[in-house]
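# Fold and geometry: a report
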Amino acid sequence: MIKKKAVLLFDSSTVEKPITYQLIKKYDLWINILQAKFEPGSGGKLVIEIRGDKKQIDEAFTYLEEQKIKVDFLDKEVSLNSTKCNHCGACVSLCPVGALQINRQTYHLEFNYQDCVVCGYCADACPVQAIEIVF
Ligand code: SF4
Ligand code: SF4
């Protein structure tokens, strides 16, 4: 069993294809949709986490290529240095998936790594460079 995060990019000819349904049904994959932005008739972007057998995942990505859907893998990770972080909250509202939250009891930043799609917005916004994108 392996886990991957990927961005699927759709154009106007592919935007209405039932891709996640096919990935689950044909390849027996576990799909978690982390972010979805679509404009009917125009295109869209889907950020997904996929879990499954490596062979099945490889076959699924071949299928996506055949369907003319562009795939970018998210091989980077976000590193939060909790010693540097002063819990100012500047990064929280910029996170498109709610992975960063200020705990209302402790007023400390909490980072849910599982939800992060490695967009980098938080790293750009942090005034003390407590967040880094690492490869
Ligand atoms: S990189 Fe930062 S802003 Fe982007 S999803 Fe991850 S935690 Fe949120
Ligand atoms: S912007 Fe930087 S210092 Fe402020 S809460 Fe986020 S990680 Fe911490």
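Before going into details, it helps to say that this report is about the structure given with it. All of these numbers come straight from a predicted model, not from anything done at the bench.

### Some thoughts on the overall build of the protein
Assigned secondary structure in the protein consists of 3 helices and 8 strands. Walking the protein from its N terminus toward its C terminus, one meets helices and strands in the order β-α-β-β-α-β-β-β-β-α-β. Projected onto the principal axes, the alpha-carbon positions of the protein cover approximately 45 × 35 × 25 Å. Each of the 135 residues in the protein was classed as buried or not, and the buried ones make up 17%. When contacts within the protein are restricted to residue pairs at least 6 apart in sequence, those whose partners lie at least 24 apart make up 63%.

### Points about the site of ligand 2
Surveying the vicinity of ligand 2 reveals 13 residues, the closest of which are Cys85, Cys88, Ala90, Cys91 and Cys126. Among the residues making up the shell around ligand 2, the classes are represented as 10 nonpolar, 3 polar and no charged.

### A word on the sheet that holds strand β1 (residues 2-10)
Strand pairing within a sheet occurs via backbone hydrogen bonds; the two strands may be parallel or antiparallel. Reading across the sheet, the 4 strands line up as β2-β3-β1-β4 and stay open at both edges, with antiparallel pairing between neighbours. Unpaired on one side and paired on the other, β2 (30-39) and β4 (70-73) mark the two borders of the sheet. Taken pair by pair, the neighbouring strands of this sheet meet at an average axis angle of 20 degrees, ignoring direction. In this sheet, strand β3 (residues 43-52) lies alongside β1 in antiparallel orientation, the contact comprising 9 bridges. Along β3, the bridge assignment pairs Ile2 with Gly52. Packed on one face of the sheet, helix α1 (residues 19-27) meets β1, β2 and β3 and runs near 160 degrees to β2.

### A look at the pairing of β2
Sparse coverage of β2 is indicated by the burial of 0 of its 10 residues. Of the pairings in the sheet, the one linking β2 to β3 comprises 9 bridges and is antiparallel in character. When the sheet's bridge partners are listed, Phe38 is paired in β3 with Gly44. Hairpin connection, β2 to β3: the antiparallel pair is bridged by 3 residues, and Gly41 has positive phi, about 80 degrees.

### Overview of helix α2 (residues 54-66)
Across its 13 residues, α2 extends 19 Å between first and last C-alpha, which sits within 8% of the 18 Å expected from 1.5 Å per residue. Following α2 by one or two positions, Lys68 has its phi on the positive side, about 65 degrees.

### Notes on the site of ligand 1
In the vicinity of ligand 1 lie 13 residues, with Cys95, Ala99, Cys116, Cys119 and Cys122 positioned nearest. Among the residues forming the shell around ligand 1, the class breakdown is 12 nonpolar, 1 polar and no charged.

### Topic: the pairing of β1
Across 4 bridges, β1 lies against β4 in antiparallel orientation. From the neighbouring strand, Val7 faces β4, where its bridge partner is Asp72.

So, how was this worked out
- Residues numbered from 1 in each chain as written.
- Chains lettered and ligands numbered in written order.
- Predicted model: local features only at pLDDT ≥ 70, side-chain atom pairs only at ≥ 80, totals over all residues.
- Helix = DSSP H or I, 4+ residues; strand = E, 2+ residues; numbered from the N terminus.
- Buried ≥ 20, exposed ≤ 12 C-beta atoms within 10 Å, placed from the backbone.
- Contact = placed C-beta atoms within 7 Å.
- Near = placed C-beta within 6 Å.
- Nonpolar A, V, L, I, M, F, W, Y, C, P; charged D, E, K, R; others polar.
- Pairing = 2+ DSSP bridges.
- Axes fitted to C-alpha atoms, helices over the stretch in contact; angles between N-to-C directions.
- Expected span 1.5 Å × (residues − 1).

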